Amino acid sequence: MKEQIRRAHNFNAGPSALPLAVLQKAQEELVDFRANGMSVMELSHRSAAFEEVHNTAIAKMRSLLSIPEEYEVLFLQGGASLQFGMIPMNFLQPDSTAAYIMTGAWSEKALEDAKLYGKPYEAASTKGENYRRIPSFDELRYQPTDAYVHLTSNNTIFGTQWSSFPDTGDVPLIGDMSSDIMSKPVDVSKFAMIYAGAQKNLGPSGVTVVIIRKDMIERANKNLPAMLRYSTHSKNNSLYNTPPTFGIYMLGEVLSWIEETGGLEQIAKRNEEKAGLIYDAIDASQGFYVGHAEPNSRSLMNVTFRVKDETLEKQFLAEAKKEGFIGVNGHRSVGGCRASIYNAVPYESCLAFREFMLQFQKVNG
Ligand SMILES: *Cc1c(COP(=O)(O)O)cnc(C)c1O
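None of these values were measured; they are calculated from a predicted model.

Each value, and the rule that gives it
- Residues numbered from 1 in each chain as written.
- Predicted model: local features only at pLDDT ≥ 70, side-chain atom pairs only at ≥ 80, totals over all residues.
- Heavy atoms only, no water.
- Near = heavy atom within 4 Å.
- Polar contact = N/O pair within 3.5 Å; in protein donor to acceptor, adjacent residues only side chain to side chain.
- Areas by Shrake-Rupley, 256 points an atom, 1.4 Å probe, with all protein chains shown as cover.
- Helix = DSSP H or I, 4+ residues; strand = E, 2+ residues; numbered from the N terminus.
- Nonpolar A, V, L, I, M, F, W, Y, C, P; charged D, E, K, R; others polar.
- Domains from an automatic or database assignment.
- Contact = heavy atoms within 4.5 Å.
- Buried area = accessible area lost by both parts, 1.4 Å probe.
- Salt bridge = Lys/Arg side-chain N within 4 Å of Asp/Glu carboxyl O.
- Disulfide = S-S within 2.5 Å.
- Expected span 1.5 Å × (residues − 1).
- Bend = angle between axes of the 7 residues up to and from the residue.
- Axes fitted to C-alpha atoms, helices over the stretch in contact; angles between N-to-C directions.
- Parallel < 35°, antiparallel > 145°, perpendicular 65-115°, else oblique.
- Left-handed = near helix turned anticlockwise from the far one by under 90°.

1. Focus: the site of the ligand
Next, step 1: Near the ligand, the surroundings consist of 13 residues, among which Ala 80, Ser 81, Asp 176, Gln 199 and Lys 200 are the closest.
Next, step 2: At 2.6 Å, a side-chain N or O of Ser 81 approaches an oxygen atom of the ligand.
Next, step 3: Here an oxygen atom of the ligand and a side-chain polar atom of Gln 199 are 2.9 Å apart.
Next, step 4: Protein chains shield 87% of the accessible area of the ligand, which is 390 Å² for the free molecule.
Next, step 5: For the shell around the ligand, the element with the most residues is helix α3 (residues 79–91), which contributes four residues.
Next, step 6: Of the residues contributing to the shell around the ligand, the split by class is three nonpolar, eight polar and two charged.

2. Remarks on the domain arrangement of the protein chain
Next, step 1: The domain architecture assigned to the protein chain consists of domain 1 (25–260) and domain 2 (263–364).
Next, step 2: Here the C-alpha centre of domain 2 lies 27 Å away from the C-alpha centre of domain 1.
Next, step 3: Listed per partner, the contact involves 28 residues of domain 1 and 25 residues of domain 2.
Next, step 4: Interface of domain 1 and domain 2: buried area, both sides summed, is about 2100 Å²; carbon and sulfur atoms make up 56% of it.
Next, step 5: Linking domain 1 with domain 2 are zero salt bridges, by the criterion used here.
Next, step 6: Our count for the contact surface shared by domain 1 and domain 2 stands at 15 residue pairs in polar contact (both at pLDDT 80 or more).
Next, step 7: Those elements that provide at least two residues to the side of domain 1 that touches domain 2 are β6 (154–155), β7 (160–161) and α7 (245–261).
Next, step 8: Tallied by class, residues from the side of domain 1 that touches domain 2 come to eleven nonpolar, ten polar and seven charged.

3. Topic: the state of the cysteines
Next, step 1: Inspection of the entire model under this criterion finds zero disulfides.
Next, step 2: For the unlinked cysteine Cys 350, the closest cysteine sulfur is that of Cys 337, found at 15 Å.

4. With respect to helix α8 (residues 263–283)
Next, step 1: Under the 1.5 Å per step criterion, the end-to-end length of α8 is 30 Å for 21 residues, consistent within 8% with the ideal 30 Å.
Next, step 2: Roughly 25 degrees is the biggest bend found in α8, and it falls at Gly 276.

5. A word on the packing of helix α9 (residues 310–322) against helix α10 (residues 347–364)
Next, step 1: Axis separation between α9 and α10 bottoms out at 11 Å; the angle between their running directions is 135 degrees. Between α9 and α10, the interaxial angle falls into the category oblique. Where α9 crosses over α10, the handedness of that crossing is right-handed. On α10, the residues touching Leu 312, Gln 315, Phe 316, Glu 319 and Ala 320 of α9 are Phe 353, Phe 356, Met 357, Phe 360 and Asn 364.
Next, step 2: Classifying every residue of the contact of α9 with α10 by side-chain character gives seven nonpolar, two polar and one charged.

6. Focus: the environment of Ala 198
Next, step 1: By secondary structure assignment, the location of Ala 198 is in the loop between β9 (193–197) and β10 (208–213).
Next, step 2: Taking the C-alpha atoms as reference, Ala 198 lies 25 Å from Met 38; in sequence the two are 160 residues apart.
Next, step 3: In this structure, Ala 198 is in contact with Gly 203, Pro 204 and Val 207, ignoring residues within four places of it in sequence.

Listed below in structure tokens is the structure:
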């Protein structure tokens, strides 16, 4: 009989949990990938065997997110953080403006890079409220002449998430969806571009997915090094240079797992149930646990909260660690507690954490 596999309750913020079934399939295929006599890492990125892996991953991205014809799917490197710079490099001139909606640390980093290339400004910000909420559509100030509007769909550090997206009309909307892509259906046509580092919901770190409307690629600046132009990657089906082949293989396998789980509707339902378990424990605690995000801005991916006094909070974190809950410490810039419960974190882990929270309060409340 097979030994029981020990899997941690992995609440890491990123890199984060991957589906066990995907890891096991990768293990099975590792040394002899589909009768090639070598691992997927050892295949030429120009081989038919790898191209199949690559194109299947692109096709699965397209079908799961219902990506319209006029968009391209690119696999890049450099993480979401390189996109903070590539976006203004490609779409700004020294005098052009771009509107950044500020909802946390990632938006701040994106804005800082844009300042090097044009005149970005804040279209709205909830920084004064310690980023407890997503601004309402009424608060957004952007101009028809802006090169684009930029938003961060989920804020890992503060635990907030957009539940619906503004319609920016003719102004291209660009979304950093690194930490909630594929967690629910999204109307891609509202966006001119979506980007995401893979390591939260899509696979291992090393791949960055870019979904970009073709007219954006055409209008982008030409005076950039090849690797920094979207057009280079688009013309070469993201095979201009050696791509992160193993990461793309894993991404494809994670997308297959999402399909087998029932697609994005089903994943969204599961994510709501998982987050509900923990938010309910916070809401029913009568102030013992204090959520950071305002209820209508709550993230289904990162649940952020504090324990009512600091000594108890230290004890809570220490006991959580002892009980095998990994990664529950809040981000170093905010403190407190955070459970990151991306797609691949099992319902059972969320349930076990809820039970732990209830028990801790019963003993210490
Ligand atoms: C994790 C994260 C990033 C950083 O991604 P890297 O791939 O490490 O550069 C950027 N934006 C958001 C919204 C994230 O969640």
